[in-house]
Each structure stands twice: as structure tokens, then as C-alpha cells.
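Structural overview
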Amino acid sequence: MDIENVGKNLKLLREQRNLTQEEVGKYLGVGRDAIVRIEKGIRKITIEELNGYSKLFNVDMDTILNNNTVENNVKGIILAGGTGSRLYPITIANSKQLLPVYDKPMIYYPLSVLMQAGIKDILIITTKENQSEFKRLLKDGSDFGINIEYKIQEKPNGLAEAFILGEEFIGDNPCAMILGDNIYYGSGLEKELKKAIENASKGYASIFGYKVKDPERFGIMELDSFNNVLSVEEKPLKPKSDYAITGLYFYPSGVSKLAKTIKPSDRNELEITTLNDIYLKENKLKANILNEGYTWFDTGTFDSLLDASNMIRSIEKNKDIVICCPEVIAYNNEWINIEELIERAKLQKNNSYGEYLIKFIEKEIENEKDSDRIKRLLYTRAR
């Protein structure tokens, strides 16, 4: 039995069922660390555990051992264009999405969301003036084990235009789109993302709702008592609910074709709300509600930018972690190996971000067979 391939397969099966490592561990009677090591292929699996996996996932042993599952084929788009005029004069000479939000560039946050969803193929839509800066920071994505392409948006013509600009990139695949100035954080977020991916594979679109005190500033979703979407409106004068439609959307195959049918609004924009309404009228629109335990920021104003930075600083200081860290997500997804993670730690060794990566690596290599070699690599290169 190839425990490395079996581990990868078990991880994929778990993610397809929207289960956490803690939930699987509880079912099998082991800790989360054991599940992490099984999925990484560094811990042997007993016959009893394999039988437990088979019952939990409702699959036969052949499916577990022979990797008969379907890989995630969802494409991702980050819309990072626009003028950022609400942040003038800061953004006159800089892209808003490259501004620092505490300890990392703003675009790391939406990028980390797509990576948490298991999305490896990502298109970043930028202005012509700023595209070179994004390429300098993120390059082709290989530092994070992903594939990044770039597209220029000549002028901001509405959010739905992203699917027209990205038509060739998307192809016949489902697609997720996230705004480059949106920040999401919550312990159950990965589970919500997997749910949206599953819905997209079945032909449904998904929008993410968050309760706000000033709903007239946002696109709004009206819900029934079962969180079914009744209506969507763009910045209504009299909102029918307090749930804002945040800047994260998942769509099934064919979204580009639908986006092309949208007519410009009174603001002369291709509204994302209009696109969502098309799916709603076809009974193909799902709502993922981010309730207590989640935080969402639209960092397009001075106050929200500062609030987001303060919130992230508070979380990271209290928990001694770095949240929305692409390097760690990439490593946990097995998109980069320990040596590649060490190289990223070396690059950033002179600050708390790099120090966190080093501490993360030290914890990870405790159970590695060649830990002595990796320690030498870490301490000679990263410090």
C-alpha cells in the first residue's frame, strides 16, 4: 500500500464531504495530528482505521486505495483593478490591493481564500499601470505551488465583466471570483468554501452573506427562515434585510456566457447583482451565511483598512499565528514541500512573518524521518 497516495486520496475524500480533520479524528478515535500525518503520508494506517474511513465516507476500499476521486477543477479570479479613489491620495501612485494590511499585502487575503478552497489556477485582473507590481510580488504563483495568470482591465466596467475578461481562462470549468480588497476570517471558512465548490459542480451559484449595520451601502440578499434566497438588490434605499452580499462568488460552468447577456445598469456597469438574479430566477442561487465566528472586511476606506489591520494584529498576537498565510496554506495543501517553505522563510527571516514560518517549520519537522537534514537546511539558510 502506497501510504502517500492513500493519504492524498483520503484528504480529497474528506474535503469533498466538507469534513474537518478534527471531525474525522473524532470519528476514528484519534487526534487531529494523526489525521494530518495520515493525509501527508507519514503515518501508517491500520486496517481498523481504513474500515472506519470506508464507513465514514461511504466508499469501498478500492476507492480509498486506488484514487478514483475527482480533482478540484474550479478556476479562481481575483479582481484587483479599479482606481481606489476612496483611498486617495494613498492610491494615486499605488494599487489599493498591494497596500499593507498589518503584516502582508492586501491581495494575500483574497489569494489565501482561493487557496483554502483548493483552487490552484488563478487569474488576477489588474489595471495596466499596476500589473507589473503584481507580477513582481506574485510572479507565476510557483512560490505557493499555484498557477497565476494576469489580465488587464482597461477601466472598471462592473464586477460581472471579470467573467467576460476571463472567458478563455475559465473555459468550461466552474469559477470562483473574489474582490481584491475583501478579507475573510473564521474557523469554519474552509468548510463553507468546499460547500460552494460542491454546489458549483452541481450547477448552482453561491453567494456569501454577512450581517451589516448599514445594508444600504451594499448589494443585499433577502432570505427566508431556511436561508433560501428570495431576492437580491444592489444598494437599495430600503433594504429588505441586513445581509450584505460580500465580494466572494462561486459559479458553475457557463458563467462567462451568462455575463455576456447582461446589459449595463444606470451606473453604466455590468452589475454582479444582475448576474446573481439570473441564477436566482432559475432557482440556481445558494446562500452561504457567515454568522458569528466570522469576520469580513471590505477594506476600501481609511477606517476599514485600519480596522482590518488592528483586528489581524490582535488575532495574530493573541494566538501567536499568522493568518491568511499563503506559504502555510500551500504547504498544508501539499503544493510545496518543506524545502520550498524554508526558502520562503529565508526570504522573510528579518520580521515576525518569517519568524512564524520558521517556528511552523520547526514544529512540522519533529516527526520527519530526515529531521536532522531539514534542521541543518533550516538553520543554515533561514537564519
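Notes on the structure follow. (Residues numbered from 1 in each chain as written. Predicted model: local features only at pLDDT ≥ 70, side-chain atom pairs only at ≥ 80, totals over all residues. Heavy atoms only, no water.)

Some words on the pattern of salt bridges
Working definition: two side chains of opposite charge can pair if their charged atoms are close together. We apply this condition: Put simply, a salt bridge is a Lys or Arg side-chain nitrogen that is within 4 Å of an Asp or Glu carboxyl oxygen. Relative accessibility decides the category of a residue: with a 1.4 Å probe and only protein chains considered, values under 20% of the type maximum give buried, values over 50% give exposed, and everything between is partly exposed.
Throughout the structure, instances matching the rule amount to 22 salt bridges. In this structure, the salt-bridge partner of Glu271 is Arg267, at a minimum N-O distance of 2.9 Å. On the basis of relative accessibility, which here comes to 8%, the residue Glu271 falls in the buried class. Several salt bridges share partner residues, and in doing so they unite Lys139, Asp143, Glu327 and Arg344 into one network.

As for the pairing of strand S1 (residues 75–80)
Successive residues of a regular strand alternate their side chains across the two faces of the sheet. Operational definition: Helix numbering and strand numbering both begin at the N terminus, where a helix is a DSSP run of H or I of at least 4 residues and a strand a DSSP run of E of at least 2. Pairing between two strands requires that DSSP report at least two bridges joining them.
Of all six residues making up S1, six are buried, and the element is well covered by its neighbours. Here S1 shows no split at all, with Lys75, Ile77 and Leu79 on one side and Gly76, Ile78 and Ala80 on the other all buried. Here S1 runs beside strand S6 (residues 175–179); their pairing, made up of five bridges, is parallel. Each residue of the ladder has a partner; that of Gly76, found in S6, is Ala176. With five bridges connecting them, S1 and strand S4 (residues 121–126) associate as parallel partners. The residue bridging Ala80 from the neighbouring strand is Thr126, located in S4.

Regarding helix H2 (residues 21–28)
Our working rule: The reported arc concerns the directions from the helix axis to the C-beta atoms and nothing else. In this description, contact between two residues means that some pair of their heavy atoms is separated by no more than 4.5 Å.
Buried within H2 we find Gln21, Val24, Gly25 and Leu28. Along the axis of H2, the buried positions cluster into a sector of 100°, meaning they face one direction only. Its buried side turned inward, H2 meets helix H1 (3–16), helix H3 (32–39) and helix H4 (47–57). One or two steps after H2, the chain reaches Gly29, where phi turns positive at roughly 80°.

Things to note about the state of the cysteines
Spelled out, the test is: In this description, the term disulfide denotes a pair of cysteine sulfurs within 2.5 Å.
Applying the stated criterion to the full structure yields zero disulfides. Of the cysteine sulfurs around Cys324, a residue in no disulfide, the closest is that of Cys325, at 9.2 Å. Residue class for Cys324 comes out buried when judged on its relative accessible area of 9%.

Section: the packing of aromatic side chains
To keep it simple, the criterion reads: Two aromatic rings from Phe, Tyr or Trp, using only the six-membered ring of Trp, form a pair when their centres are within 6.5 Å; if the ring planes differ by under 30 degrees the pair is stacked, by over 60 it is edge-to-face, and anything between is tilted. By definition, being over a ring means that NZ of Lys or CZ of Arg is both within 6 Å of the ring centre and within 35 degrees of the ring normal.
Tallying each qualifying case throughout the model produces 10 aromatic pairs. Note on Phe163 and Tyr251: the rings are 5.1 Å apart at their centroids and 80° apart in plane angle, and the pair reads as edge-to-face. Residue Phe163 is found in helix H8 (residues 161–165), and its partner Tyr251 is found in strand S11 (residues 243–251); the two are separated by 88 residues along the sequence. Three or more aromatic residues joined by ring pairs make a cluster, and in this case those are Phe163, Tyr249, Tyr251 and Tyr279. One cation-aromatic arrangement involves Lys75 over Phe169; the distance from NZ or CZ to the ring centre is 5.2 Å.

Observations concerning the nonpolar core
Under the convention used in this document: Nonpolar cores were defined as sets of buried Ala, Val, Leu, Ile, Met, Phe, Trp, Tyr and Cys residues, with membership established by side-chain atoms within 4.5 Å.
Counting residues in each nonpolar core, the largest one holds 56 residues, and the members touching the most others are Ile124, Leu138 and Phe250. Ranked by residues supplied to this core, first place goes to helix H16 (residues 352–364) with six residues. Apart from the residues within four sequence positions on either side, Ile124 is in contact with Ile78, Ala80, Ile107, Phe134, Leu138, Ile148, Glu149, Tyr150 and Lys151. In this structure, Ile77, Tyr251, Ala259 and Tyr279 belong to the second largest nonpolar core, which totals 33 residues.

Thoughts on the side chain of Ser304
Cut-off, in case you're wondering: Definition of a polar contact: a pair of N or O atoms within 3.5 Å, with one able to donate and the other able to accept a hydrogen when the atoms are protein atoms, and with sequence-neighbouring residues admitted only if both atoms are side-chain atoms.
Summarising the element assignment, Ser304 is placed in helix H13 (residues 302–319). Classification of Ser304 as buried rests on a relative accessible area of 12%. Here Gly300 takes part through its backbone nitrogen, which lies 3.4 Å from a polar atom of the side chain of Ser304. Of the polar contacts made by the side chain of Ser304, one reaches the side chain of Thr301; its length is 2.8 Å. Residues within four places of Ser304 in sequence aside, it is in contact with Phe297, Asp298 and Thr299.

Details of the side chain of Ser206
Looking at the secondary structure, you find Ser206 in strand S8 (residues 205–211). In this structure Ser206 touches Ala196, Asn199, Leu248, Tyr249, Phe250, Lys286 and Asn288, once residues within four positions along its chain are discounted.

A word on the environment of Asp277
If you trace the backbone, Asp277 turns up in helix H12 (residues 272–281). On the basis of relative accessible area, Asp277 is assigned to the partly exposed category, the value being 22%. Along the primary structure Asp277 and Val232 are separated by 45 residues, whereas in three dimensions their C-alpha atoms are 6.4 Å apart.

Points about the layout of surface pockets
Applied cut-off: Cavity means a closed set of points on a 1 Å grid over the protein atoms alone, one where a 1.4 Å probe fits but cannot get out, pocket means an open set with protein on both sides within 12 Å along at least 5 of 7 lines, and lining means a residue has an atom within 4 Å of a point. Grid points are joined across faces, edges and corners, and a volume is the space filled by probe spheres set on the points. Any residue that is not Ala, Val, Leu, Ile, Met, Phe, Trp, Tyr, Cys, Pro, Asp, Glu, Lys or Arg is counted as polar, Gly included; the first ten are nonpolar and the last four charged.
The volume enclosed by the largest pocket comes to roughly 1,600 Å³. If you go around the largest pocket, you meet 46 residues; those closest to its centre are Gln21, Arg32, Val328, Asn332 and Phe360. Elements represented by at least two residues in the lining of the largest pocket include exactly H1, H2, H3, strand S7 (182–186), helix H10 (189–201), helix H14 (326–332) and H16. For the lining of the largest pocket, the class distribution of residues is 16 nonpolar, 10 polar and 20 charged. Here the second largest pocket is characterised by a volume of approximately 900 Å³. What lines the second largest pocket is a set of 36 residues, among which Arg86, Leu159, Leu179, Asp181 and Lys235 lie closest to the centre. If you list the elements that add at least two residues to the lining of the second largest pocket, you get S11, H12 and strand S13 (294–298). The leading source of residues in the lining of the second largest pocket is S11, at four residues. When grouped by side-chain class, the residues that make up the lining of the second largest pocket number 10 nonpolar, 16 polar and 10 charged.

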